[in-house]
Amino acid sequence: MSSQVSWWVFGVMTVVLILNMESSVVEASEETKIHIVYLGEREHNDPELVTASHLRMLESLLGSKKDASESIVHSYRQGFSGFAAHLTDSQAKKIAEHPDVVQVLPNIFYEPQTTRVFDYLGLSPSSPKGLLHDAKMGEDVIIGILDSGVWPESLSFSDKGLGPIPKRWKGTCVDGENFDSKKHCNNKLIGARYYMDGLFKKNKTDSGIPNTENMSAREVLPHGSHVASIAAGAFVPNVSDHGFGMGTARGGAPKARIAMYKVCWQREDGSSASADVLKAMDDAIGDGVDVISISLGRAIPILSEVDVNNIFSYGAFHAVSRGITVLMAAGNAGPDAYSVQNIAPWIITVAATSLDRWFPTPLTLGNNVTLLARTPSVESEFQAELIYVDSSKKITSAAKGKMVLCFITPESEETADDYLNQQMEVEAKGLIIAGRRSDMVVVSGGMTLISIDYGQGTTIFNYIKSTSKPTIKMSPSISLTGPIVATKVPDFSSRGPNSVSPYVLKPDIAAPGVAIMGACTPEKMNSENGFTSASGTSMATPVVAGVVALLKAVHPAWSPAMLRSALVTTASSTDPHGEPIFSEGLSRKLADPFDFGGGLVNPDKAANPGLVYDADAEDYRRFMCASNYEEKYITTISEQKSLYKCPSPRPSMLDLNLPSITIPYLKEDVTLTRTVTNVGPVNSVYKLIVQPPMGVKISVTPNRLVFNSGVKKLSYKVTVSTTHKANSIYFFGSLTWTDGTHNVVIPLSIRTQMLKYFDQ
């Protein structure tokens, strides 16, 4: 999800429908819309037979083969069975009544969410040891990217030094406008498909896609290339953003293969249709990707895991059931609580952090006080008179050649654009805007526009009042790197707790997502040599996708849940320099699990976690039973041929084997179970360390785990009780198993609720 935009799955049953033929007569006044018809588990392995059955179903409904062929948009025939078709509401209702149709879903729209990164995370190509070396830089792992397409000429997608395409790859590159598969695909970019039919009305018009778009996998909306290059881009030297951060750009898994599935288009809102996303996920499963990275989402309210509109949850469940790890962006709706998106427990949800690097601009006042503004600037040093205005209307001709200070608050009637337009009209030298701290990085150039916080603004304001002739000198930006630059969770990164399933910690993990360098289209404004920096959980997600690709290379048999566990239990609550990680918001605080899940991803430690918390599709079905979801919906999402029956009594939501414990409604004592699998030395003994949340008692049985050649899995019980007498906020702690070498840490997030659902 690019942070400047609010960013935001089925093979076959051979059936013959005998439907009322009156449904084939569409009233002129009844408009067709795209509907997704979900049929459940496939009964054939031949995709052509699957599609043929879909057409027969439509023919029965619409009355002719011609109408069926014109109506169908997508045939889902890889990981699941179903199709998308242009139907009227009455036709959709009719087909939904057939016993072989599990569900009919509406076509909805999703929005995108938007060099030093991997060195910062300890993945150095110069090191002869470590995950990057052991994984051979992710060679032959295939990462599927669902996004806005790709700019194939980018050096990030060069296949120099790569061997042949893995034989297991079943995908393809599709020709299209300005995209020649023989020319533009190679041993790096091994797949390129595009999906747009879900955006069209039945007459193939009104898609909202402008003529400037490429009707192909070639990107125009600059997002997909950036994301793909972060995950698996090749080494590209001498890359910078306006000269800042000069170095070699590369992805997390530089030798992994990329398959691009273009589902986002240069529409007014950059959105993508759920029918197209569904088809892309279906194709990715059939093509043979190992990892799926999706930097898309939808606006609040957050949908439940089984909601008919939550296509990502459905598609991800099918993928994870087949051993494909799915990562998704947490969203850019922070710092508000309960804003985290993509909350299904089978998805790895990624939050953003900053790096240990910044390029502040020195502002020296006439009294020799120097402030460091957060905005990088490419301008030469200059000195100018300084004035303050409390309204854009007061920027008059007298401001020509001067620097102008203003304050903008959430209550302000005027916007930054109002001030900027007036500044340009009177030819003021530049504008200094004091406002709420923002983690968006925009390089000032051409027009001098500097952002500072209220504290800095007050310092400048008081200086102006203290002298009759205030002046200011703006110097070229400086580079700060290392522990002096605090790592933090930026304000935009969406926060927990999970508003749908509060017993599931979200986000899971965090990774750098502020001012991340990546490939882009040559036409992108302010891009430099085909590269630019961007911020958002969109950028953090492919960082972790690259790390997962490396882990997959060294541990090919690990399940998606094991991979997530390795990430979460080895993550760090401090930055690589040992300094605490902060959370930026209305006020700054220490980051907690609702900000960054397990913490900042630590790739090398994740490769050797010692113990892992595993889960499979049946565990997730039991979780949905515990969530009191209807059995028909659990059947729908989990590809069951017959109605899935929940255990009686239904399980506890607390017993899903997650690498975390979250208790939102603690009153009476509760006991839960976790199971760990030894993936470290065969003969290992782990001892317990507990840091309980404030006012909470934690009892664990046993407090010692002994593994040997005959014992690879062990369970333990955790009893939790509260000493609080009133409803509390969430308090945080941790539970650690250690053998002296491995520290397997899971976060604890516990809230006392003496009176449930009452929040003062």
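Thresholds applied
- Residues numbered from 1 in each chain as written.
- Predicted model: local features only at pLDDT ≥ 70, side-chain atom pairs only at ≥ 80, totals over all residues.
- Heavy atoms only, no water.
- Helix = DSSP H or I, 4+ residues; strand = E, 2+ residues; numbered from the N terminus.
- Buried < 20%, exposed > 50% of the residue type's maximum accessible area, 1.4 Å probe, protein only.
- Areas by Shrake-Rupley, 256 points an atom, 1.4 Å probe, with all protein chains shown as cover.
- Phe/Tyr/Trp six-rings, centres within 6.5 Å; stacked < 30°, edge-to-face > 60°.
- Lys NZ or Arg CZ within 6 Å of the ring centre and 35° of its normal.
- Pairing = 2+ DSSP bridges.
- Axes fitted to C-alpha atoms, helices over the stretch in contact; angles between N-to-C directions.
- Contact = heavy atoms within 4.5 Å.
- Disulfide = S-S within 2.5 Å.
- Parallel < 35°, antiparallel > 145°, perpendicular 65-115°, else oblique.
- Left-handed = near helix turned anticlockwise from the far one by under 90°.
- Arc of directions from axis to C-beta.
- Nonpolar A, V, L, I, M, F, W, Y, C, P; charged D, E, K, R; others polar.
- pLDDT = per-residue confidence, 0-100.
- Polar contact = N/O pair within 3.5 Å; in protein donor to acceptor, adjacent residues only side chain to side chain.
- Salt bridge = Lys/Arg side-chain N within 4 Å of Asp/Glu carboxyl O.

1. Digging into the overall build of the protein
On a plain count of helices and strands, the protein comes out with 17 helices and 39 strands. Residues counted as buried form 60% of the 760 residues belonging to the protein. Counting every atom, the protein has about 29,500 Å² of accessible surface; 51% of that belongs to carbon and sulfur.

2. Here we look at the packing of aromatic side chains
Counted according to the given criterion, the structure contains 11 aromatic pairs. Consider the rings of Tyr 716 and Trp 737, whose centres lie 5.1 Å apart with planes at 65°: the pair is edge-to-face. Residue Tyr 716 is located in strand E37 (residues 713–722), and its partner Trp 737 is located in strand E38 (residues 730–738); the two are separated by 21 residues in the primary sequence. Take Tyr 716 and Trp 737: they sit in the same class, and that class is buried. In textbook terms, an aromatic cluster arises when at least three aromatic residues are bridged by ring pairs, as seen for Phe 317, Trp 346 and Tyr 620. Here the basic side chain of Arg 218 rests over the ring of Trp 151, its NZ or CZ set 4.6 Å away from the ring centre. Between the NZ or CZ atom of Lys 429 and the centre of the ring of Phe 382, over which it lies, the distance is 4.5 Å.

3. Examining the sheet that holds strand E34 (residues 684–691)
As summarised here, the arrangement of the five strands in space is E32-E39-E38-E34-E36, forming an open sheet in which the pairing is mixed. Whereas interior strands pair on both sides, the edge strands pair on one side only; in this sheet they are strand E32 (661–666) and strand E36 (704–707). Taken pair by pair, the neighbouring strands of this sheet meet at an average axis angle of 20°, ignoring direction. By the bridge criterion, nine bridges tie E38 to strand E39 (residues 743–752) in an arrangement that is antiparallel. Within the sheet, the bridge partner assigned to Tyr 730 lies in E39 and is Arg 751.

4. Examining helix H7 (residues 224–232)
Where burial is concerned, most of H7 is hidden: nine out of the nine residues are buried. Turning to H7, its buried residues are Gly 224, Ser 225, His 226, Val 227, Ala 228, Ser 229, Ile 230, Ala 231 and Ala 232. Turning to H7, the residues buried within the fold contact helix H4 (117–120), strand E6 (142–147), strand E10 (257–262), strand E27 (516–519), strand E28 (531–534) and helix H12 (537–554).

5. Describing the side chain of Lys 279
By the secondary structure assignment, Lys 279 is in helix H8 (residues 274–287). What Lys 279 contacts, discounting residues up to four positions off in sequence, is His 74, Ser 75, Tyr 76 and Tyr 195.

6. Side note on unusual backbone geometry
Of the consecutive residues Gly 334 and Pro 335, the connecting peptide bond is found in the cis state with omega at 5°. Locating Pro 335 in the fold gives a position in the loop between strand E14 (325–329) and strand E15 (348–353). Cis rather than trans, the peptide bond between Ser 648 and Pro 649 has omega equal to 0°. You can see Pro 649 is positioned in the loop between helix H17 (631–637) and E32. Residue Lys 136 is not a glycine yet carries a positive backbone phi of 50°. Positioned with a positive phi, Met 137 is a non-glycine residue whose angle comes to about 60°.

7. Some thoughts on the state of the cysteines
In a disulfide, the sulfur atoms of two cysteines are held together by a covalent bond. The tally for this structure, following the rule as stated, stands at two disulfides. Between Cys 625 and Cys 646 runs a disulfide, and the two sulfur atoms are separated by 2.0 Å. Disulfide Cys 625-Cys 646: the torsion about the S-S bond is -85°, which places it as left-handed. Placement of Cys 625 in helix H16 (residues 617–626) and of Cys 646 in the loop between H17 and E32 is noted, with a sequence separation of 21 residues between them. What links to what in the protein: the bonded cysteines, counted in sequence order, pair as 1-2, 3-4.

8. Some words on the packing of helix H1 (residues 47–62) against helix H3 (residues 89–96)
Close contact between H1 and H3 brings their axes to 11 Å; oriented N to C, the two are set at 120°. In terms of axis orientation, H1 runs oblique to H3. For the pair H1 and H3, the crossing hand works out as right-handed. Where H1 abuts H3, its residues Met 57, Leu 61 and Leu 62 lie against Gln 91, Lys 94 and Ile 95.

9. Some remarks on the sheet that holds strand E29 (residues 582–583)
Spatially, E25-E29-E30 is the arrangement adopted by the three strands of the open sheet, whose pairing is mixed. Only two strands of the sheet have a single neighbouring strand rather than two, namely strand E25 (488–489) and strand E30 (589–590). Judged from the two bridges that link them, E29 and E30 form a sheet pairing that is antiparallel. In the strand pairing of E30, Phe 582 is matched with Leu 590.

10. Quick word on the environment of Ile 750
Residue placement: Ile 750 occurs in strand E39. In this structure Ile 750 comes out as buried when scored by relative accessible area, which is 2%. Along the primary structure Ile 750 and Ile 663 are separated by 87 residues, whereas in three dimensions their C-alpha atoms are 4.7 Å apart. When neighbours within four sequence positions are excluded, Ile 750 is seen to be in contact with Ile 663, Leu 666, Pro 693, Val 696, Ile 698, Val 720, Ile 729, Tyr 730 and Phe 731.

11. A short note on H3
For H3, every residue scored as buried is listed here: Gln 91, Ala 92 and Ile 95. Viewed end-on, H3 has its buried residues packed into an arc of 100°, placing them on one side of the element.

12. Focus on the packing of H7 against H12
Where H7 meets H12, the axes come as close as 7 Å, and the angle between the chain directions of the two elements is 30°. It follows that H7 is roughly parallel to H12 by the angle criterion. For the element pair H7 and H12, the recorded crossing hand is right-handed. Side by side, H7 and H12 meet where His 226, Val 227, Ile 230 and Ala 231 of the first sit next to Ser 538, Met 539, Pro 542, Val 543 and Gly 546 of the second. Residue composition of the contact of H7 with H12, grouped by class: six nonpolar, three polar and no charged.

13. Some words on the confidence of the model for the protein
Reading fine detail from the predicted coordinates is not recommended where pLDDT is low. Counting all residues, the mean pLDDT for the protein is 86, and 88% of those residues have values of 70 or more. Confidence drops under a pLDDT of 50 for residues 2–29, and excluding neighbours within four residues, the segment shows 116 contacts in the predicted structure.

14. Overview of the side chain of Lys 488
Within the fold, Lys 488 resides in strand E25. Judged by its relative accessible area of 7%, Lys 488 falls in the buried class. Within polar-contact distance, the side chain of Lys 488 engages the side chain of Glu 584 at 2.8 Å.

15. Structural notes on the environment of Ala 591
When you line up the elements, Ala 591 lands in the loop between E30 and helix H14 (593–596). Its relative accessible area of 15% is what places Ala 591 among the buried residues. Along the backbone, Ala 591 and Thr 574 are 17 residues apart, and their C-alpha atoms lie at a distance of 9.4 Å. Contacts of Ala 591, omitting those with residues within four sequence positions, involve Val 489, Ile 581, Phe 582, Ser 583 and Phe 596.

16. Brief notes about the pattern of salt bridges
Opposite charge on two side chains permits them to pair, given that their charged atoms come into close proximity. Applying the stated rule across the entire model yields 23 salt bridges. Between Lys 393 and Glu 414 there is a salt bridge whose closest N-O contact spans 3.7 Å. With Lys 393 in the loop between strand E19 (382–388) and strand E20 (403–407) and Glu 414 in the loop between E20 and helix H10 (416–426), the pair connects residues that are 21 residues apart, well separated along the chain. Look at Lys 393 and you get exposed, because its relative accessible area is 66%. Among the salt bridges present, the one from Lys 400 reaches Glu 427, with a minimum N-O distance of 3.6 Å. Here Lys 400 is found in the loop between E19 and E20, whereas its partner Glu 427 is found in the loop between H10 and strand E21 (430–434), with 27 residues between them in sequence. We classify Lys 400 as exposed; its relative accessible area is 52%. Connected via shared salt-bridge partners are Arg 193, Lys 279, Asp 283 and Asp 287.

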